[in-house]
Amino acid sequence: WTARTPPPTEPEQGPVAPRRAEARLVVDPGVTQSLQVSWISPPDLSLDTTAKRRQDLIQNLGLSVLNRRYSAISRSPSPPFLAAGAYKGQQDDAAEVATVAVNADPGRWREALAAAEQEQRRLVQYGVRQNELDREIEEIRTSLKASVAGAATRRQSELANDIVESLADHTVVTSPADDLATFDATVRDLKAETVNAALRSVFQGQGPLVFMASPTPIEGGEPAVLAALTTSQQVAVSAPAQAA
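All of these numbers come straight from a predicted model, not from anything done at the bench.

What counts and what doesn't
Here the residue numbers are simple positions, counted from 1 along each chain's written sequence. In view of the model being predicted, local features appear only for residues whose pLDDT reaches at least 70, and side-chain atom pairs are presented and counted only at 80 or more, with totals across whole chains, interfaces and linings using the full set of residues. Excluded from the side-chain calculations are hydrogens and water; all other atoms, namely the structure's heavy atoms, are used. In this description a helix means any DSSP run of H or I spanning at least four residues, a strand means any run of E spanning at least two, and both kinds are numbered starting from the N terminus. Here's how the labels work: a residue is buried when its accessible area is under 20% of the maximum for its type, exposed when over 50%, partly exposed in between, all with a 1.4 Å probe on protein chains only. We call two residues in contact whenever any of their non-hydrogen atoms come within 4.5 Å of each other. Note on areas: Shrake-Rupley, 1.4 Å probe, and residue coverage restricted to the protein chains presented here. Residues scored as positive are Lys and Arg, those scored as negative are Asp and Glu, and His as well as the terminal groups of each chain are ignored. Every charge is mapped onto a representative atom, which is NZ of Lys, CZ of Arg, CG of Asp or CD of Glu. Axis lines are fitted through C-alpha atoms, for helices just across the contact stretch, and the angle between N-to-C directions can take any value from 0 to 180 degrees. Roughly parallel refers to an angle under 35 degrees, roughly antiparallel to one over 145, roughly perpendicular to one between 65 and 115, and oblique to any angle outside these ranges. Put simply, a crossing is left-handed when the front helix is turned counterclockwise from the back one by less than a right angle, and right-handed when it is turned clockwise. Put simply, Ala, Val, Leu, Ile, Met, Phe, Trp, Tyr, Cys and Pro go in the nonpolar bin, Asp, Glu, Lys and Arg in the charged bin, and everything else, Gly too, in the polar bin. Strand pairing follows a simple DSSP-based rule, namely that at least 2 bridges must link the two strands. With a 1 Å grid spanning the protein atoms alone, the term cavity applies to any set of points in which a 1.4 Å probe fits but cannot get out, the term pocket to an open set with protein on both sides within 12 Å along at least five of seven lines, and the term lining residue to any residue with an atom within 4 Å of a point. Grid points are joined across faces, edges and corners, and a volume is the space filled by probe spheres set on the points.

A. Focus on the overall build of the protein. When helices and strands are tallied, the protein shows seven helices and five strands. For the protein, the N- to C-terminal ordering of α and β elements is β-β-α-β-β-α-α-α-α-α-β-α. Residues classed as buried in the protein amount to 36% of the 244 residues present. Relative to all contacts within the protein whose residues are 6 or more apart in sequence, the contacts with residues 24 or more apart total 83%. Counting only carbon and sulfur atoms, one obtains 54% of the accessible surface of the protein, whose full area is about 14600 Å². Positive and negative charge centroids in the protein, built from 24 and 30 side chains respectively, lie 5 Å apart.

Printed below as a string of structure tokens:
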């Protein structure tokens, strides 16, 4: 590929602005009633290194435990939400965003928001258990081993796509075998206490910012959405029950 023009200059996006808790509401008859609660931090523009990948992996293991808890709640009798999930990522070199997203039954958005928010705080306050962490490690290791076994059958278009995506992410494309080796080195003797320490920094930053999409108008509008979050944040959470 040969560029036809000089390379464009990177846009100056400026620092992450200081913001308090805010809420935005969009009403559209065609959407599922859903909410996203996000915390915004400055972007991490450091180089892609083994140490950086290790830190990201440790945080993601903790989020995987939270997402499995969300999944269990959604499968319970009369669950408070249809589905929920937490994730963290970088947006266009402008900010690092940690988000808790939840889909609600029509008319039960307050219950859904409260359940998802309180489960997130429960994770940060009490952490993950070692057996929960070990389960997530085995899930990911199984997936990585499958990738290693299928490395020779990858299509050229998939490899090309990985390379193109890596340009925007500023990451190095590594082989499945290297990915598995890095993973095994990271999780060897990994303790829940280490993951819990890393989780304390995930849901921090400016905000939280609440975005809600609803098929019908919400009584009280955006102030009501923000008030629901504030009310939930004032509810004390207890330690998670030990599952059999």
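B. Main features of the packing of helix H2 (residues 109-126) against helix H7 (residues 221-233). Interaxial distance between H2 and H7 falls to 9 Å at its minimum, and their mutual angle equals 40°. In this view, H2 runs oblique relative to H7, as classed from their interaxial angle. Pair H2 / H7 crosses with right-handed handedness. Of the residues in H7, those touching H2 at Trp 109, Arg 110, Leu 113, Ala 114, Glu 117, Gln 118 and Arg 121 are Ala 224, Val 225, Ala 228, Leu 229, Ser 232 and Gln 233. A per-class count over the contact of H2 with H7 returns seven nonpolar, three polar and three charged.

C. Geometry of the environment of Pro 11. Structurally, the position occupied by Pro 11 is in the segment before strand E1 (22-27). The exposure class of Pro 11 is exposed, given its relative accessible area of 58%. As for Pro 11 and Ala 94, which are separated by 83 residues in sequence, their C-alpha atoms are 9.8 Å apart.

D. Highlighting the sheet that holds strand E5 (residues 206-214). Strand order in the open sheet formed by five strands is E1-E5-E2-E4-E3, with mixed pairing between adjacent strands. Single-partner strands in this sheet number two, and they are E1 and strand E3 (83-91). Taken over all neighbouring pairs, the strand axes of this sheet differ in orientation by 15° on average, direction set aside. Pairing of strand E2 (residues 34-41) with E5 involves six bridges; the strand directions are antiparallel. Note on E5: the bridge partner recorded for Leu 35 is Met 212. Helix-sheet contacts for helix H1 (residues 50-74) involve E3 and strand E4 (95-103), and the interaxial angle to E3 is about 155°.

E. Expanded view of the environment of Glu 10. Turning to its location among the elements, Glu 10 is positioned in the segment before E1. Between the C-alpha atom of Glu 10 and that of Asp 93, which follows or precedes it by 83 residues, the distance is 10.0 Å.

F. Fine view of unusual backbone geometry. Cis geometry marks the peptide bond from Gly 207 to Pro 208; its omega dihedral reads 5°. Residues other than glycine seldom take positive phi values, yet Asp 93 does so here, at roughly 60°. Here Asp 93 lies in the loop between E3 and E4. Here Asp 93 falls in the partly exposed class, since its relative accessible area comes to 26%.

G. Molecular detail of the layout of surface pockets. Taken as a whole, the largest pocket encloses approximately 1500 Å³ of empty space. Lining of the largest pocket is provided by 43 residues; of these, Asp 48, Arg 53, Asp 56, Asp 169 and Thr 171 occupy positions nearest its centre. Among the elements of the structure, H1, E3, helix H3 (130-149), helix H4 (156-169) and helix H5 (176-187) are those that each provide at least two residues to the lining of the largest pocket. It is H1 that contributes the most residues to the lining of the largest pocket, eight residues altogether. Across the lining of the largest pocket, the residue classes tally to eleven nonpolar, 16 polar and 16 charged.

Shape descriptors only; they carry no functional weight alone.
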